[in-house]
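Spelled out from the first residue to the last, the chains are:
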Amino acid sequence: MGQGYENGGVRITVLTGAGISAESGVPTFRDAGGLWEGHRVEDVATPEGFRRDPGLVQRFYDARRAGVASAVPNAAHLALARLEADLGDDLLVVTQNIDDLHERAGSTRVVHMHGRLGTALCRACGARSVVEPSRALADDDTCPECWVAALRPDVVWFGEVPYDLDLIDDALAATDRFVAIGTSGAVYPAAGFVLTAAGRGAATLELNLVESEVSLLFDEVRHGLASMLVPAWVDEVLSAG
């Protein structure tokens, strides 16, 4: 994906979190008991958990992959794709989500900083392999590129470094507007993006169901369903030319 930040016009960087996909039936990260779909986060979202029980972790992500396959992009995803169709390279979507609903809605300029459900990562050579929704990824599946090591979910777990941070920092340095949609503001480094963008002169907007942990850092905050707020905001941007 080309960066394209040298182009003129309005530059907008959008950060999306679990709240944008929740209306499509994709569960948010944790429930009130601190569990992730019935599992302790430490067991299914850490390198240590994978080392303890790789089969459990593979089955967990197999189930999530199959579940997301039946989800449908909602009006918020579709609105961002509509905005990209108008702005082209002057829009970048950075998502904390590992589903592919942005892409299925039509967005092409999407950075998955926490990885993807639809790919597997080789623990030896780092090659990525496409994993179909119906496929169960066994803990002894071997990389088709190097045939040396087994595959793991291509997901950034707690204790690991998110993907594409340099690219994201470039976008935040060039952006005129930073918009966070459906994020809790609890997970770093994403929670700090608003400070980075604002420090470089960008206007900042949060669209969220409820107040996040970093709402006070934004110039403007709007509360409501993403499926309502995002299309309305996109209409504002497009009508302003």
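No experiment lies behind these values; they were computed from the predicted model shown. (Residues numbered from 1 in each chain as written. Predicted model: local features only at pLDDT ≥ 70, side-chain atom pairs only at ≥ 80, totals over all residues. Heavy atoms only, no water.)

Brief notes about the sheet that holds strand S1 (residues 12-16)
Pairing in this open sheet of six strands is parallel, and the strands run S5-S4-S1-S9-S10-S11 from one edge to the other. Among the strands making up the open sheet, the edge pair consists of strand S5 (110-112) and strand S11 (220-223). Strand-to-strand twist across the sheet, computed as the mean angle between neighbouring axes with direction ignored, equals 15°. Sheet topology note: the strand S9 (residues 177-181)/strand S10 (residues 203-208) ladder contains five bridges and is parallel. Along S10, the bridge assignment pairs Phe178 with Thr204. (Pairing = 2+ DSSP bridges. Helix = DSSP H or I, 4+ residues; strand = E, 2+ residues; numbered from the N terminus. Axes fitted to C-alpha atoms, helices over the stretch in contact; angles between N-to-C directions.)

Quick look at helix H4 (residues 54-69)
In a regular helix each residue adds 1.5 Å, so 16 residues correspond to 22 Å; H4 covers 23 Å between its end C-alpha atoms and thus fits that length. For H4, the complete set of buried residues consists of Gly55, Leu56, Val57, Gln58, Phe60, Tyr61, Asp62, Arg64, Arg65 and Val68. (Expected span 1.5 Å × (residues − 1). Buried < 20%, exposed > 50% of the residue type's maximum accessible area, 1.4 Å probe, protein only.)

Topic: the pattern of salt bridges
Following the criterion strictly, the structure yields 13 salt bridges and no others. We note a salt bridge from Arg65 to Asp62, for which the minimum N-O separation is 2.8 Å. Linking Arg65 with Asp62, this pair stays in helix H4, spanning three residues, or about one helical turn. Both residues of the pair, Arg65 and Asp62, count as buried. When the shortest N-O distance is used, the salt bridge between Arg128 and Asp154 registers 2.7 Å. Within this pair, whereas Arg128 is found in strand S7 (residues 128-130), its partner Asp154 is found in strand S8 (residues 151-155), the two being separated by 26 residues in sequence. By relative accessible area, which is 2% here, Asp154 ends up buried. One salt-bridge network, held together by shared partners, links Arg40, Asp43 and Arg52. (Salt bridge = Lys/Arg side-chain N within 4 Å of Asp/Glu carboxyl O.)

A look at the side chain of Gln96
Here Gln96 is to be found in the loop between strand S4 (91-95) and helix H6 (101-105). Classification of Gln96 by relative accessible area gives buried; the value is 16%. Contact partners of Gln96, with chain neighbours within four places excluded, come to Leu15, Thr16, Gly17, Met113, His114, Thr183, Val187 and Ala190. (Contact = heavy atoms within 4.5 Å.)

Here we look at the domain arrangement of the protein chain
By the assigned domains, the protein chain splits into domain 1 (1-26 + 73-114 + 161-240) and domain 2 (29-70 + 117-155). For domain 1 and domain 2, the distance between their C-alpha centroids amounts to 26 Å. Each partner contributes to the interface: domain 1 provides eight residues, whereas domain 2 provides 10 residues. Interface area for domain 1 against domain 2, summed over the two sides, is near 670 Å², with a carbon-plus-sulfur share of 55%. For the domain 1 face of the interface with domain 2, the top three residues by lost area are Ile98, Arg104 and Tyr163, together amounting to 67%. For the pair domain 1 and domain 2, the number of links is zero salt bridges. Remark: the boundary between domain 1 and domain 2 carries three residue pairs in polar contact (both at pLDDT 80 or more). Looking at side-chain class alone, the side of domain 1 that touches domain 2 contains four nonpolar, one polar and three charged residues. (Domains from an automatic or database assignment. Buried area = accessible area lost by both parts, 1.4 Å probe. Polar contact = N/O pair within 3.5 Å; in protein donor to acceptor, adjacent residues only side chain to side chain. Nonpolar A, V, L, I, M, F, W, Y, C, P; charged D, E, K, R; others polar.)

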